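Secondary and tertiary structure notes
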Amino acid sequence: MPDLLVKLYNISDNSSVYKELEEKGIKIIRPMTPNKYKVHEFVLKHFHEGWANEVDTAFTRFPVSCFVAVDMATKEILGFAGYDCTYKAYFGPTGVDETKRKLGIGKALLLRCMEALRDEGYAYAIIGSAGPVHFYEKCCGATVIEDSSPGIYASLI
Ligand SMILES: CC(C)(COP(=O)(O)OP(=O)(O)OC[C@H]1O[C@@H](n2cnc3c(N)ncnc32)[C@H](O)[C@@H]1OP(=O)(O)O)[C@@H](O)C(=O)NCCC(=O)NCCS
């Protein structure tokens, strides 16, 4: 799976994306360190240990470098996305509870991370080992980086 490049200077105002989600009772928030284990457990339950370990890195940084989608009524986590978790300027890992997909959560998490990377001084972001390439092309204009697979992941054991 290839890495993708995102031009952060082209990321525009996404307030309508978040507003639309809030109308469905879902809010994108930056979790606080007391919720580190809650986020880790969500990722472990819905995805796998590798991603749960990666997102732990977000809680070693200030600001915490991940966002979660939360059901405003139940406080349940529905999805997550990290950045600067694997390598600098890298987006990911990310994932949405399988029963809550196609509601706009994945896109909102992605765009919120891109805004954060831009605001922290990056000009470009890299989406590491992208699975759903078309999702990223559609949501943030990402383009494939040639010869980037396996890229940094070649040293993964
Ligand atoms: C990829 C993922 C995060 C998308 O989350 P989601 O909440 O379902 O996505 P959204 O509802 O925000 O989708 C936004 C748009 O992208 C489209 N889209 C969603 N998943 C897509 C996919 N796999 N391929 C192409 N388009 C996709 C949606 O149809 C929607 O289009 P629209 O705006 O025209 O309606 C989710 O499918 C997931 O968790 N997948 C498993 C983990 C994974 O692959 N993570 C990425 C690793 S690189």
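An account of the accompanying structure is given in this report. It should be emphasised that the depicted structure is a prediction, and the values quoted were computed from it without experimental measurement. (Residues numbered from 1 in each chain as written. Predicted model: local features only at pLDDT ≥ 70, side-chain atom pairs only at ≥ 80, totals over all residues. Heavy atoms only, no water.)

Tallying secondary structure elements over the chain gives 5 helices and 7 strands in all. When the elements of the chain are put in sequence order from the N terminus, they spell out β-α-β-α-α-β-β-β-α-β-α-β. Compactness check: the chain gives a C-alpha radius of gyration of 15 Å against a globular reference of 15 Å for 157 residues, within 12% of the reference. Its C-alpha atoms give the chain principal-axis dimensions of roughly 45 × 35 × 30 Å. (Helix = DSSP H or I, 4+ residues; strand = E, 2+ residues; numbered from the N terminus. Rg over C-alpha atoms; globule rule 2.2 N^0.38 Å.)

Neighbouring residues of the ligand: 21 residues in total, closest V96, K102, G106, K107 and K138. Measuring from an oxygen atom of the ligand, one finds a backbone N or O atom of G104 at 2.8 Å. Across the complex, the protein chains shield 71% of the 920 Å² of accessible surface that the ligand would expose by itself. At the level of secondary structure, the elements contributing two or more residues to the shell around the ligand comprise β5 (90-96), α4 (105-119) and α5 (133-140). No other element matches α5, which puts 5 residues into the shell around the ligand. Residue classes in the shell around the ligand are distributed as 10 nonpolar, 7 polar and 4 charged. (Near = heavy atom within 4 Å. Polar contact = N/O pair within 3.5 Å; in protein donor to acceptor, adjacent residues only side chain to side chain. Areas by Shrake-Rupley, 256 points an atom, 1.4 Å probe, with all protein chains shown as cover. Nonpolar A, V, L, I, M, F, W, Y, C, P; charged D, E, K, R; others polar.)

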